[in-house]
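# Chain and residue survey
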Amino acid sequence: MAAGSLLFRLLLVLFTLSDSPVQILGLGVGINYGQIANNLPSPSRVSYLLRSLNISRVKLYDADPNVLVAFSNTNVDFIIGLGNEYLQNMTDPIKAQNWVLQRVQPHLPQTRITSITVGNEVFKTNDHQLWSYLLLAMQTVYNTLVDLGLDKQVTVTTAHSLDILSVSYPPSAGAFRQDLGEYLHAILNFHAQIKSPFLINAYPYFAYKDKPNEVPLDYVLFQPNQGTVDPITNLIYDNMLYAQVDAVYSAIKAMGHTDIEVRVSETGWPSKGDENEVGATPENAGLYNENLLKRIEEKQGTPGKPNVPIDIYVFALFNENLKPGPASERNYGLYYPDGTPVYNIGVQGYLPELVYSSPGTKNALSVSSALLILVFAYLISA
């Protein structure tokens, strides 16, 4: 390789990594960064990837110190997670304090940890003992943050699956399951007290997969369609996700609260599935996420909350090859671990190679997988 060409490529890499005032259009969306895989790029490379995307909100399922260190001084807001296996220990104030002191405080303020999810989809399990631990664990972690003076920058919440609803349609009739009533009522009181959001993992894909002959595909993919009308409010819904969010708002209101924001901690569409997983294709996944990103960029609210821009974390950044369950579980990623897009969602990127000259030679050598940088430009149609 000619010296001039080598110098150009090195400058390209350095320019990409620099704090250049040239900004790539931010997508205004959060991303779930799952790590149940054995082939993912290192956290430092993922840090460059997300900064090149100008994505400034990331959700983890743990408090991996390697990730939190890699994102120090990057102005990326993090939701970190306490897995369900920690809930019993987190009901003990001493153990909760030790966890915060070891896993949270050392990373502040250089890494912007803004929230801790205590448990994930706890009520999806049949473990009633775990149900009883949830609120106490949330309270204990929060009290620890208060004691350490961290509660103003780090809040506490938990993420729920939509299985907590007994009624989801029409949205205005949304209601929680009766067997969860006492648990959710107390959790809602806690959210209202500390002013933290109520998180839901909402997947219109599941509804379509289960009843593909009844659920219109265009309705779940944000494609043009006639929509549905809530017969009680006369509000028109042109997509299922917004209907699901408003059903949760209605269920919360039925329990006496209008002061709690609902946020979508996970949503996405698989690009591949087993034979019985209808609709799991790259085409559908691309449409779902591309259309979703457009709505997020427009700062849309739901029909029931038009003035509250919907807050969403897309699932997920990468395909995760070690996730158990059906094939779809391993194929929700926007990207393969090598940085290649799984499908086109109107976002372009490339993977520059890091090149150098071997000592004693004039030949430029490429270092495979030495650097992962994806430059994103969100393409908006005229």
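What counts and how
Residues numbered from 1 in each chain as written. Predicted model: local features only at pLDDT ≥ 70, side-chain atom pairs only at ≥ 80, totals over all residues. Heavy atoms only, no water. UniProt positions renumbered as here; feature names shortened; annotations may be inferred. Helix = DSSP H or I, 4+ residues; strand = E, 2+ residues; numbered from the N terminus. Buried < 20%, exposed > 50% of the residue type's maximum accessible area, 1.4 Å probe, protein only. Areas by Shrake-Rupley, 256 points an atom, 1.4 Å probe, with all protein chains shown as cover. 1 Å grid on protein atoms, 1.4 Å probe; cavity = no way out; pocket = protein on both sides within 12 Å on 5 of 7 lines; lining within 4 Å. Points joined across faces, edges and corners; volume = space filled by probe spheres on them. Contact = heavy atoms within 4.5 Å. Core = buried A, V, L, I, M, F, W, Y, C linked by side-chain atoms within 4.5 Å. Axes fitted to C-alpha atoms, helices over the stretch in contact; angles between N-to-C directions. Parallel < 35°, antiparallel > 145°, perpendicular 65-115°, else oblique. Nonpolar A, V, L, I, M, F, W, Y, C, P; charged D, E, K, R; others polar. Pairing = 2+ DSSP bridges. Expected span 1.5 Å × (residues − 1). Polar contact = N/O pair within 3.5 Å; in protein donor to acceptor, adjacent residues only side chain to side chain.

- Going by the annotation in an unreviewed UniProt entry, the name recorded for the chain is glucan endo-1,3-beta-D-glucosidase, with Durio zibethinus given as the source organism.
- If you open the UniProt record of the chain and go to Sequence similarities (unreviewed entry), you find "Belongs to the glycosyl hydrolase 17 family."
- According to UniProt, the comment filed for the chain under the heading Catalytic activity (unreviewed entry) is "Hydrolysis of (1->3)-beta-D-glucosidic linkages in (1->3)-beta-D-glucans."

## Thoughts on the overall build of the chain
- On a plain count of helices and strands, the chain comes out with eleven helices and 16 strands.
- Residues classed as buried in the chain amount to 50% of the 382 residues present.
- Accessible area of the chain: about 17,700 Å², with a carbon and sulfur share of 52%.

## A look at empty space enclosed by the protein
- Inspection of the entire model under this criterion finds two cavities of 30 Å³ or more.
- Its volume calculated, the second largest cavity comes out at about 50 Å³.

## So, the side chain of Ser250
- As for its position among the elements, Ser250 is in helix H10 (residues 240–254).
- Assessed through its relative accessible area of 18%, Ser250 is described here as buried.
- Setting aside residues up to four positions removed in sequence, Ser250 forms contacts with Pro171, Ser172 and Gly174.

## Examining the nonpolar core
- Among the nonpolar cores identified, the biggest contains 100 residues, and Leu50, Phe78, Ile80, Ile116, Phe176 and Phe198 are the most heavily contacted of them.
- Beyond its immediate chain neighbours, meaning those up to four positions away, Phe78 contacts Val58, Leu60, Val67, Leu68, Phe71, Thr111, Arg112, Ile113, Thr114 and Ser115.

## Focus: the packing of helix H6 (residues 128–147) against helix H7 (residues 181–194)
- Orientation of H6 relative to H7, taken along the N-to-C sense of each, is 10°, at an axis distance of 11 Å. Considering the angle they form, H6 stands roughly parallel to H7. Counted together, His128, Trp131, Ser132, Leu134, Leu135, Met138, Gln139 and Tyr142 of H6 and Tyr183, Ala186, Ile187, Phe190, His191 and Ile194 of H7 form the full contact between these two elements.
- A per-class count over the contact of H6 with H7 returns ten nonpolar, four polar and no charged.

## Focus on the sheet that holds strand E1 (residues 30–32)
- With respect to topology, eight strands assemble into a closed barrel ordered E1-E2-E3-E4-E5-E8-E11-E12, the strand pairing being parallel. With direction set aside, neighbouring strand axes in the sheet form an average angle of 25°.
- Pairing analysis gives three bridges linking strand E2 (residues 57–59) to strand E3 (residues 77–82), with the strands arranged parallel. Bridge pairing in E3 places Arg57 opposite Asp77.
- Lying over the sheet, helix H11 (residues 282–297) contacts strand E11 (262–267) and strand E12 (312–314), oriented at roughly 150° with respect to E12.

## Concerning H6
- Along its 20 residues, H6 runs 30 Å from first to last C-alpha, staying within 8% of the 28 Å computed at 1.5 Å per residue.
- Those residues of H6 that fall on the buried side of the exposure criterion are Leu130, Trp131, Tyr133, Leu134, Leu135, Ala137, Met138, Thr140, Val141, Tyr142, Thr144 and Leu145.
- Looking at the buried side of H6, the elements it contacts are E3, helix H4 (87–90), helix H5 (93–103), strand E4 (112–120), strand E5 (155–161) and H7.
- A distance of 3.1 Å separates the backbone nitrogen of Gln129 from a side-chain oxygen at the start of H6, and that oxygen is part of Asp127.
- Two residues or fewer after H6 comes Gly149, characterised by a positive phi angle close to 70°.

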